Amino acid sequence: MLETLPAHLTRAALGFLLGALLGLVARRGRFCTLGAVEDAVYARDTRRARAWMLAAGLAILGTHLLEAYAGLDLARSIYAGPRLEWGALVVGGTMFGFGMALVGTCGFGALLRLGGGDLRALLVLLVLGLSAYMAVSGLTGLARVALAGPLSVELGAAGAQRLGALLGLDRGGTAALGIAVAAGLGFAALVGPGLRKSRRLLYGAVAIGCLIAAGWWTNGVAGHDEFEARAVGSFSFARPVGDTLLYAMLASGMKVDFGVGSVLGVVLGAFAAARGGGEFHWEAPDDAREVKRHVLGSFLMGTGGVTALGCTIGQGLSGLSTLSVGSLLALASILVGARAGLYYLVDRHA
């Protein structure tokens, strides 16, 4: 059936299906990047951080196997371009991480919360989507372009940002590097009994890593159209949230694609998980102070997510699965921003 659909509808349909699975397993598996940082810093509990590492390792493995054997062209992704805009990655990533701490979760986490009935998450997603499009082509986009221009490095041909290209490896060597890195992350995640005993975290991480690779397969193989001039990618939840809001208003003049389908799917999957687990209940902000914090944090996430070319999922898992140096830099900046935000909220008042 999917073979008879236009490529963009194929991507949208698969994005919705995979997004629903992602929302379901992430909510049940308590998968959260900020939660992993909080647990490690304040509770000395690294199980969620290890789950994140395992998901990243499996995403790297699956993505590199798709490149080696299924015809996926990672050189056409935004993470592997010839220009490393390091200034935008650092500033945008730090903004996103700090905003994530203010909100208490990232854009992906807000979708999971919305599926559980949290109306604060609806506010976050509205502001995040609006600010993301402002950073794409609006007022803050002017500052983004001005920042990216001088603080960048030209690396050469397409795909030059990838670690394999920087090391001068051929296609086989790049695949071997991906397998080796994936094995290292998997070993680091599973050494010791902590994660292995937490079956919910373990199974959730395995599923999420596989779904990131499935996102690459959807966009770069199953839904690929050689006549379309578009970048290939996997899951991300900064600009796609804005795309979803725009599609809700302008559906008759837009084509639905993977990003919109995946956003809607994640909410549905999270809703199913919340209802099935008896966790669905309506929540609203406590007071004006909480609203202010959520609005500021979501603005920083939307602006920073577009500036850094992705969020904790877009750069942290999808981008990292390509072994892009830019994604490593963006992820490190997100984590630094998140730690600074937690310090601002927690440590300075302790």
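An unreviewed UniProt entry annotates the protein as YeeE/YedE family protein of Methylorubrum rhodesianum. According to UniProt, the comment filed for the protein under the heading Sequence similarities (unreviewed entry) is "Belongs to the TsuA/YedE (TC 9.B.102) family." The Subcellular location (unreviewed entry) field of the UniProt record for the protein holds the comment "Cell inner membrane".

Participant: Explain the overall build of the protein here, please?
Facilitator: On a plain count of helices and strands, the protein comes out with 16 helices and two strands. The C-alpha atoms of the protein give 19 Å as radius of gyration, which agrees with the globular expectation for 350 residues (20 Å, within 12%). When the 350 residues of the protein are sorted by exposure, 50% land in the buried category. Sequence separation of at least 24 residues holds for 81% of the intrachain contacts in the protein that already meet a minimum separation of 6. Total accessible area on the protein is roughly 15,100 Å²; 66% of this is exposed by carbon and sulfur atoms. Taken as two groups, the 28 positive and 21 negative side-chain charges of the protein have centres that lie 7 Å from each other.

Participant: How should the packing of aromatic side chains be read in this particular structure?
Facilitator: To describe a pair of aromatic rings, one takes the distance between the centres and the angle between the planes. This model, assessed by the stated rule, comprises seven aromatic pairs. Consider the rings of F235 and F237, whose centres lie 6.2 Å apart with planes at 20°: the pair is stacked. For the pair F235 and F237, a shared accessibility class is recorded, and that class is buried. For the ring pair F235 and F258, a centre distance of 5.1 Å and an interplane angle of 55° mean the geometry is tilted. Of this pair, F235 sits in the loop between α11 (199-222) and α12 (239-250) while F258 sits in helix α13 (residues 258-276), placing them 23 residues apart in sequence. Judged by its relative accessible area of 0%, F235 is buried. Through a chain of ring-to-ring contacts, three or more aromatic side chains come together here, namely F108, F235, F237 and F258.

Participant: Is there a simple way to think about the pattern of salt bridges in this case?
Facilitator: Two side chains that carry opposite charge are able to pair once their charged atoms sit near each other. Scanning the entire structure with this criterion turns up 13 salt bridges. Here R48 ties to D39 by a salt bridge, and the two come within 2.8 Å at their closest N and O atoms. Overall, D39 belongs to the buried group, its relative accessible area being 17%. E67 is the partner of R162 in a salt bridge, and the nearest nitrogen-oxygen pair spans 2.6 Å. Here R162, found in the loop between β2 (153-154) and α8 (163-166), pairs with E67, found in helix α3 (residues 47-69); they are 95 residues apart in sequence, far enough to count as distant. Residue classification places R162 among the buried positions, given a relative accessible area of 7%. Classification of E67 as buried rests on a relative accessible area of 9%. Sharing partners across several salt bridges, the network here consists of D118, R120, E283 and E290.

Participant: How should the environment of G15 be read in this particular structure?
Facilitator: Tracing the chain through its elements places G15 in helix α1 (residues 7-28). Accessibility expressed as a relative area gives 0% for G15, which makes it buried. For G15, the residues in contact, after removing those within four places along its chain, are F235, F258, G261 and S262.

Participant: What is the right way to read α12 from this model?
Facilitator: Residues spaced three or four apart along an α-helix face the same direction, because each turn holds 3.6 residues. A rise of 1.5 Å per residue sets the reference length of α12, with its 12 residues, at 16 Å; its end C-alpha atoms lie 16 Å apart and thus fit the reference within 8%. Along α12, the residues classified as buried are P240, V241, G242, D243 and T244. Against the buried residues of α12 lie α6 (119-137) and α13.

Participant: Explain a nonpolar patch on the surface here, please?
Facilitator: On the surface, W86, V90, V91, V153, L155 and L166 cluster together into a nonpolar patch covering about 440 Å² of accessible area. Per element, the largest residue contribution to the nonpolar patch is three residues, and it comes from helix α4 (residues 86-103). Secondary-structure assignment places V91 in helix α4.

Participant: Explanation requested: the nonpolar core in the structure shown.
Facilitator: One recurring pattern in soluble globular proteins is that nonpolar side chains are buried together. Residues F108, F237 and I313 are the most contacted members of the largest nonpolar core, which totals 62 residues. Take this core: its biggest share by element is nine residues, from α11. With near-sequence residues (within four places) excluded, I313 lies in contact with F31, F108, I212, F235, F237, S318 and G319.

Participant: Explain the layout of surface pockets here, please?
Facilitator: Over the atoms, a rolling probe the size of a water molecule traces out where space has been left empty. Computed from the structure, the largest pocket encloses a volume of approximately 830 Å³. Lining of the largest pocket is provided by 32 residues; of these, I78, A231, R239, P240 and D243 occupy positions nearest its centre. At the level of elements, α1, α6, α12, α13 and α14 (288-307) are the ones that each hand at least two residues to the lining of the largest pocket. Looking at the lining of the largest pocket element by element, the count peaks at four residues for α13. Residues that form the lining of the largest pocket fall into these classes: 15 nonpolar, nine polar and eight charged. Of the voids in this model, the second largest pocket is the one considered here, and its volume is about 400 Å³. Along its surface, the second largest pocket is lined by 25 residues, and R27, C32, G109, L112 and R113 are the ones closest to its centre. Of all the elements in the fold, those that place two or more residues in the lining of the second largest pocket are α1, α2 (33-42) and α5 (107-115). Top contributing element to the lining of the second largest pocket by residue count: α5, with four residues. Of the residues belonging to the lining of the second largest pocket, the class tally is seven nonpolar, eight polar and 10 charged.

Basis of the calculations
Residues numbered from 1 in each chain as written. Predicted model: local features only at pLDDT ≥ 70, side-chain atom pairs only at ≥ 80, totals over all residues. Heavy atoms only, no water. UniProt positions renumbered as here; feature names shortened; annotations may be inferred. Helix = DSSP H or I, 4+ residues; strand = E, 2+ residues; numbered from the N terminus. Rg over C-alpha atoms; globule rule 2.2 N^0.38 Å. Buried < 20%, exposed > 50% of the residue type's maximum accessible area, 1.4 Å probe, protein only. Contact = heavy atoms within 4.5 Å. Areas by Shrake-Rupley, 256 points an atom, 1.4 Å probe, with all protein chains shown as cover. Lys, Arg positive; Asp, Glu negative; His and termini not counted. Charge placed at Lys NZ, Arg CZ, Asp CG, Glu CD. Phe/Tyr/Trp six-rings, centres within 6.5 Å; stacked < 30°, edge-to-face > 60°. Salt bridge = Lys/Arg side-chain N within 4 Å of Asp/Glu carboxyl O. Expected span 1.5 Å × (residues − 1). Patch = residues over 30% accessible without salt bridge, like charges linked within 9 Å, V, L, I, M, F, W, Y side chains within 5 Å. Core = buried A, V, L, I, M, F, W, Y, C linked by side-chain atoms within 4.5 Å. 1 Å grid on protein atoms, 1.4 Å probe; cavity = no way out; pocket = protein on both sides within 12 Å on 5 of 7 lines; lining within 4 Å. Points joined across faces, edges and corners; volume = space filled by probe spheres on them. Nonpolar A, V, L, I, M, F, W, Y, C, P; charged D, E, K, R; others polar.

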